[in-house]
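Each chain, letter by letter, is given below.
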Amino acid sequence: PESRAARARAALAPLRAVTMGKVAMKMREVIYTISPNRLNTMSSLFRDGASSVMHLVKDTWFPVACGAVPLVATLSFADWYSNAEKLSHRH
């Protein structure tokens, strides 16, 4: 009596090809579909959206501010300096 493992190896023998130390095996295709009867597939993404956004803002406002304040200040100064340089010849 052959073991189940031996029968599986014998069944896969024509599918195997040894290349660079790896054994190539035939892949199976799996197709996932959404049932046409299920209408609310995306509802969980939008459930409690406002509270999750507020939680995210509450947890990350300080690091965002630490990055945004210098950026806005630099851009504002560059814009002011550019305009001041354009008007400097008038005085």
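Computed from a predicted structure; not experimentally measured. (Residues numbered from 1 in each chain as written. Predicted model: local features only at pLDDT ≥ 70, side-chain atom pairs only at ≥ 80, totals over all residues. Heavy atoms only, no water.)

This brings us to the overall build of the chain. Counting its secondary structure elements, the chain contains 3 helices and 2 strands. In the chain, the order of α-helices and β-strands from amino to carboxyl end is α-β-β-α-α. Within the chain, the fraction of its 91 residues that count as buried is 0%. Of the roughly 9200 Å² of accessible surface on the chain, 64% is carried by carbon and sulfur atoms. (Helix = DSSP H or I, 4+ residues; strand = E, 2+ residues; numbered from the N terminus. Buried < 20%, exposed > 50% of the residue type's maximum accessible area, 1.4 Å probe, protein only. Areas by Shrake-Rupley, 256 points an atom, 1.4 Å probe, with all protein chains shown as cover.)

This next bit is on helix H3 (residues 49–87). The end-to-end C-alpha separation of H3 is 49 Å, well short of the 57 Å expected for 39 residues at 1.5 Å each. Where H3 bends most, the angle comes to about 60°, and this point is Thr60, followed within four residues by the proline Pro63. (Expected span 1.5 Å × (residues − 1). Bend = angle between axes of the 7 residues up to and from the residue.)

Moving on: the confidence of the model for the chain. With 65% of its residues at a pLDDT of at least 70, the chain reaches an overall mean of 76. Mean pLDDT across the elements of the chain bottoms out in strand S1 (residues 17–19) (53) and peaks in H3 (89). (pLDDT = per-residue confidence, 0-100.)

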